[in-house]
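Commentary on secondary and tertiary structure
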Amino acid sequence: MHLRHQLTDNDYVRHENFVQWFLRKPDQFIDNIIVGDEAAFFMNGDKLSLWIGLCGNGSLVGPLFYDNNNLTGVAYLDLINEAIVHELRHIYANRFNTLTEVVRMWTT
């Protein structure tokens, strides 16, 4: 394991603000939450990267495998819009077409 972020004194305030914001959301808000993570594994000397997501309604998105060695910001955004959003459209009954619309779904 690698330490990615050390907690600071300001993190408590951010955490408390997030919890208060979350508690003001309507009950069905949890159904629209999508938590994703990515990981890299080494197998036989090759690096294998994947992304997987969990939706608030219990649905899984992915896993999606990709070549992290050639992944640019533009290629990552394409992966999100073409693969991840495609799967989310099926899970959430075609309520959006792009990542921007997914973010809008969370913020309204």
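Residues numbered from 1 in each chain as written. Predicted model: local features only at pLDDT ≥ 70, side-chain atom pairs only at ≥ 80, totals over all residues. Heavy atoms only, no water.

**Quick look at the overall build of the protein**
Here is the rule we go by: A run of H or I in DSSP becomes a helix once it reaches four residues, and a run of E becomes a strand once it reaches two; helices and strands are each numbered from the N terminus. Residues are treated as being in contact if the distance between any of their heavy atoms lies within 4.5 Å.
In terms of regular secondary structure, the protein is built from three helices and three strands. Listing each helix as α and each strand as β along the protein from the N terminus yields α-β-β-β-α-α. By sequence separation, contacts in the protein at least 24 residues apart represent 30% of the contacts at least 6 residues apart.

**Digging into a nonpolar patch on the surface**
The condition that has to hold: Without a salt bridge and with relative accessible area above 30%, a residue can belong to a patch; like charges are then joined within 9 Å and nonpolar side chains (Val, Leu, Ile, Met, Phe, Trp, Tyr) within 5 Å. To be clear on the numbers: accessible area is Shrake-Rupley with a 1.4 Å probe, and residue cover counts the displayed protein chains and nothing else. Any carboxyl oxygen of Asp or Glu that lies within 4 Å of a side-chain nitrogen of Lys or Arg is treated as forming a salt bridge with it.
On the surface, a cluster of nonpolar side chains totalling about 380 Å² of accessible area is made up of Phe18, Val19, Trp21 and Leu23. Topologically, valine 19 is positioned in helix H1 (residues 9–23).

**Here we look at the sheet that holds strand E1 (residues 34–43)**
For the record, the criterion: At least two bridges found by DSSP between two strands is the condition for calling them paired. Here an axis means a line fitted to C-alpha atoms, over the contact stretch when the element is a helix, while the angle between two N-to-C directions is reported on a 0 to 180 degree scale.
Spatially, the three strands line up as an open sheet ordered E1-E2-E3, and their pairing is antiparallel. Each of the sheet's edge strands pairs with one partner strand only, and the pair in question is E1 and strand E3 (60–66). With strand direction ignored, the average angle separating the axes of adjacent strands in the sheet is 15 degrees. Where strand E2 (residues 46–55) meets E3, five bridges bridge the pair, whose relative direction is antiparallel. Residue pairing across strands places serine 49 opposite tyrosine 66, the latter belonging to E3.

**Here we look at the packing of aromatic side chains**
What describes a pair of aromatic rings is the distance from one ring centre to the other and the angle between the planes of the rings. Which entries qualify depends on this criterion: A pair of Phe, Tyr and Trp rings is counted when the ring centres sit within 6.5 Å of each other, with Trp represented by its six-membered ring. The angle between the planes then sorts it: under 30 degrees is stacked, over 60 is edge-to-face, the rest tilted. Each residue gets one of three labels from its accessible area relative to the maximum for its type: buried under 20%, exposed over 50%, partly exposed in between, using a 1.4 Å probe on protein chains only. In our convention, an over-ring charge means Lys NZ or Arg CZ found within 6 Å of a ring centre and within 35 degrees of that ring's normal.
A complete count under the given rule lists four aromatic pairs for this structure. Here tryptophan 21 and phenylalanine 29 contribute two aromatic rings whose centre-to-centre distance is 5.5 Å and whose plane-to-plane angle is 90 degrees, an arrangement assigned as edge-to-face. The buried category is assigned to phenylalanine 29, whose relative accessible area is 7%. Between phenylalanine 22 and phenylalanine 29 the ring centres are 5.9 Å apart and the planes differ by 70 degrees, which places this aromatic pair in the edge-to-face class. Among the aromatic residues, ring-to-ring pairing joins Phe18, Trp21, Phe22 and Phe29 into one connected group. The ring of phenylalanine 29 is capped by lysine 25, whose NZ or CZ atom sits 5.4 Å from the centre of that ring.

**Re unusual backbone geometry**
The omega angle of the peptide bond from glycine 62 to proline 63 is 10 degrees, so this bond is cis rather than trans. The backbone phi angle of asparagine 44 is positive, close to 55 degrees, even though this residue is not glycine. For asparagine 44, the position within the fold is in the loop between E1 and E2. Exposure remark for asparagine 44: the relative accessible area of 80% places this residue in the exposed category.

**With respect to the environment of tyrosine 76**
Relative to the assigned elements, tyrosine 76 resides in helix H2 (residues 73–91). Expressed as a C-alpha distance, the spacing of tyrosine 76 and tyrosine 66, which sit ten residues apart in the sequence, is 9.2 Å.

Shape descriptors only; they carry no functional weight alone.
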